[in-house]
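Coordinates in review
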Amino acid sequence: MRNASTATATTGIADGKTPYRGRFAPSPTGPLHFGSLVAAVASYAQALHSAGEWLVRIEDIDPTREAPGAADSILRTLDAHGFRYPEPLYQSSRLETYDAVIERLLTDHQAYPCSCSRRELRNSARSGRAGIIYPGHCRNGADTRKRPATAVRLRTDGANVSFVDALQGPQYCDVEKEIGDFLLRRGDGFVAYQLAVAFDDAEQQISEVVRGTDLLDSTFMQSLVLEKLGLTPPAYAHFPVVLGADNHKLSKQTGAPEVDNNSPNINLLRALSFLLQEPPEALLTAPVARIWEWTTEHWDITRLEGVQSRSERSIMVQ
Ligand code: GLU
Ligand code: ZN
């Protein structure tokens, strides 16, 4: 039994009292494809139905994966589909803030510098729920004779995270055993997604994160980061990811086509049908704003309870 060092993070402030605030957080690695349109629709519909706010956050913290013009193209697609949102937040404008957060975790001994190379880890580490489980080489001081310690990892000793996902039910993870000390800053110096996304969800006071089940395991890391910072994690709802014809998640990497801005009604109805909402066919020829009125009134996220993935082929739009 570990006592003093055991951290247990609990998520969730969807108590009906906190004002609802949702978000869509695309990475600008390419134009919007159908899978990411579904993520935008699900989070927006949930915010509309909850009479809440919906924010767009451009997660442009990884220049090595960024496609020129992708952020603008994503925003144009949202506009063409009738999404309304305040000025988006660009994570690239917040790098100094993330540096300060990492600095604070280092000072508090919740994080430590790491000098291990990817190749070293590939050879010595086991795989867990979220890639390799870091074997802890640098926990008690990084060896910097061969390489500078440019990465930073979160100390996960004894950390358990549990939360109840609104759609996927109770979730539990022994983070040290199943994930390991994960990266807050990567070896190449860029801030890691887990740190930036967790901090911004808290700082923007997001009350509920609605996103695909491919990010379910990330939630353990994000909740733990917030717990270590003394911040409250949002509530979470992970909806089924869209599988392409090959039964793999639709993605830019596997060449999912760009959403066509000239057919917003068809695209939105396909997305709503994928999300099991049964939109009426008459909406195909209605103004786009009508689709969002219908969605505000009829959206029912509970139809997705327990559904982890769905094939694109099962979408019916007459
Ligand atoms: N930027 C991430 C992505 O495009 C999503 C982040 C999130 O919703 O937490 O996959
Ligand atoms: Zn290391």
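Everything below is about the structure printed above this text.
In this text, all values refer to a predicted model and were calculated from it rather than measured experimentally. (Residues numbered from 1 in each chain as written. Chains lettered and ligands numbered in written order. Predicted model: local features only at pLDDT ≥ 70, side-chain atom pairs only at ≥ 80, totals over all residues. Heavy atoms only, no water.)

1. Considering the overall build of the protein chain
Condition: Numbering of helices and strands runs from the N terminus, with a helix taken as a DSSP run of H or I at least four residues long and a strand as a DSSP run of E at least two residues long. Radius of gyration here uses only the C-alpha atoms, and the compact-globule reference equals 2.2 Å multiplied by the residue count raised to the power 0.38. Residue burial is assigned from relative accessible area. The probe radius is 1.4 Å, only protein chains are included, and a residue is buried under 20% of its type maximum, exposed over 50%, and partly exposed in between. Contacts were defined at the residue level, with two residues in contact if any of their heavy atoms lie within 4.5 Å. The Shrake-Rupley method, run with a 1.4 Å probe, gives the accessible areas here. Residue values count only the displayed protein chains as cover. Charge convention: Lys and Arg are scored as positive, Asp and Glu as negative, and His as well as the terminal groups of each chain are ignored. Where a charge lies is defined by one atom per residue type, namely NZ (Lys), CZ (Arg), CG (Asp) and CD (Glu).
Scanning the protein chain from N- to C-terminus turns up 9 helices and 15 strands. What you see for the protein chain is a C-alpha radius of gyration of 20 Å, in line with the 20 Å of a compact globule of 318 residues. Within the protein chain, the fraction of its 318 residues that count as buried is 52%. For the protein chain, restricting intrachain contacts to residue pairs at least 6 apart in sequence, the fraction spanning at least 24 positions comes to 78%. When the accessible surface of the protein chain is summed, it comes to about 14,900 Å², and 50% of that surface belongs to carbon and sulfur atoms. Of the side chains in the protein chain, 33 bear a positive and 39 a negative charge, and the two mean positions are spaced by 7 Å.

2. Focus on the sheet that holds strand β8 (residues 151-154)
Within a sheet, each strand pairs with its neighbour through backbone hydrogen bonds, oriented either parallel or antiparallel. Note the cut-off: Two strands qualify as a pair provided that DSSP identifies no fewer than 2 bridges between them. Angles run from 0 to 180 degrees between N-to-C directions of axes, and those axes are lines fitted to C-alpha atoms, restricted for helices to the stretch in contact.
Taken in spatial order, the 3 strands make up an open sheet running β5-β8-β11, and their pairing is antiparallel. The open sheet is flanked by β5 (111-114) and β11 (183-185), the only strands paired with a single partner. Taken over all neighbouring pairs, the strand axes of this sheet differ in orientation by 40 degrees on average, direction set aside. Here 2 bridges tie β8 to β11, and the two strands are oriented antiparallel to one another. Looking at the pairing, R153 lines up with L183 of β11.

3. Considerations on the nonpolar core
We apply this condition: What we call a nonpolar core is a set of buried Ala, Val, Leu, Ile, Met, Phe, Trp, Tyr and Cys residues that are connected through their side-chain atoms within 4.5 Å.
Judged by nonpolar contacts, the single largest core of 44 residues is most densely connected at V41, W54, L78, F83, F239 and L275. When contributions to this core are tallied by element, the ones reaching two or more residues are α1 (34-49), β3 (53-58), α2 (70-80), β13 (235-239), α8 (264-274) and α9 (288-298). With 10 residues, the single largest contributor to this core is α1. When residues no more than four places from it in sequence are discounted, the contact partners of L78 are F24, L32, A40, W54, V56, F83 and Y85. Formed by 33 residues, the second largest nonpolar core is a distinct cluster that contains L154, A159, V191 and A196.

4. Looking at the sheet that holds strand β2 (residues 21-24)
Strand order in this open sheet of 3 strands is β2-β3-β4, and the pairing throughout is parallel. At either margin of the open sheet sits one strand with a lone partner, and together these are β2 and β4 (89-90). Note that β3 and β4 share 2 bridges and pair parallel. Pairing of I58 across the sheet is with Y90, part of β4.

5. A short note on the packing of aromatic side chains
Short version of the rule: In this analysis, rings of Phe, Tyr and Trp, with Trp reduced to its six-membered ring, are considered paired at centre separations within 6.5 Å, and the interplanar angle assigns stacked below 30 degrees, edge-to-face beyond 60, and tilted for intermediate values. Two limits define a charge over a ring: the Lys NZ or Arg CZ must be within 6 Å of the ring centre, and within 35 degrees of the ring normal.
Under the criterion given, the structure shown has 10 aromatic pairs. When the centroid spacing of 5.3 Å and the interplanar angle of 25 degrees are considered together, the rings of W54 and F83 count as stacked. Of this pair, W54 sits in strand β3 while F83 sits in the loop between α2 and β4, placing them 29 residues apart in sequence. Here W54 and F83 have matching classes, each one buried. Following the ring pairs from residue to residue traces out a cluster consisting of F24, Y44, W54, F83, Y85 and W292. One residue, R153, lies across the ring of Y134, its end atom 3.8 Å from the ring centre.

6. Describing the packing of α8 against α9
The criterion, for reference: Angle categories are assigned with fixed cut-offs, so that under 35 degrees is roughly parallel, over 145 is roughly antiparallel, 65 to 115 is roughly perpendicular, and the rest are oblique. Crossing handedness is defined as follows: a turn of the near helix away from the far one that is anticlockwise and smaller than a right angle gives a left-handed crossing, while the clockwise case is right-handed. When residue character is reported, Ala, Val, Leu, Ile, Met, Phe, Trp, Tyr, Cys and Pro are called nonpolar, Asp, Glu, Lys and Arg charged, and the others, Gly included, polar.
Here α8 crosses α9 at 20 degrees, and the two axes come no closer than 10 Å. Comparing their axes, α9 and α8 come out roughly parallel. Judged by the twist between their axes, the crossing of α8 over α9 is right-handed. Of the residues in α9, those in contact with P264, N265, L268, L269 and L272 of α8 are V288, I291, W292, W294 and T295. Residues that form the contact of α8 with α9 fall into these classes: 8 nonpolar, 2 polar and no charged.

7. Quick look at the environment of D246
Inspection of the secondary structure assignment puts D246 in the loop between β14 (241-243) and α8. Sequence separation between D246 and S311 is 65 residues, and the spatial gap between their C-alpha atoms is 9.2 Å.

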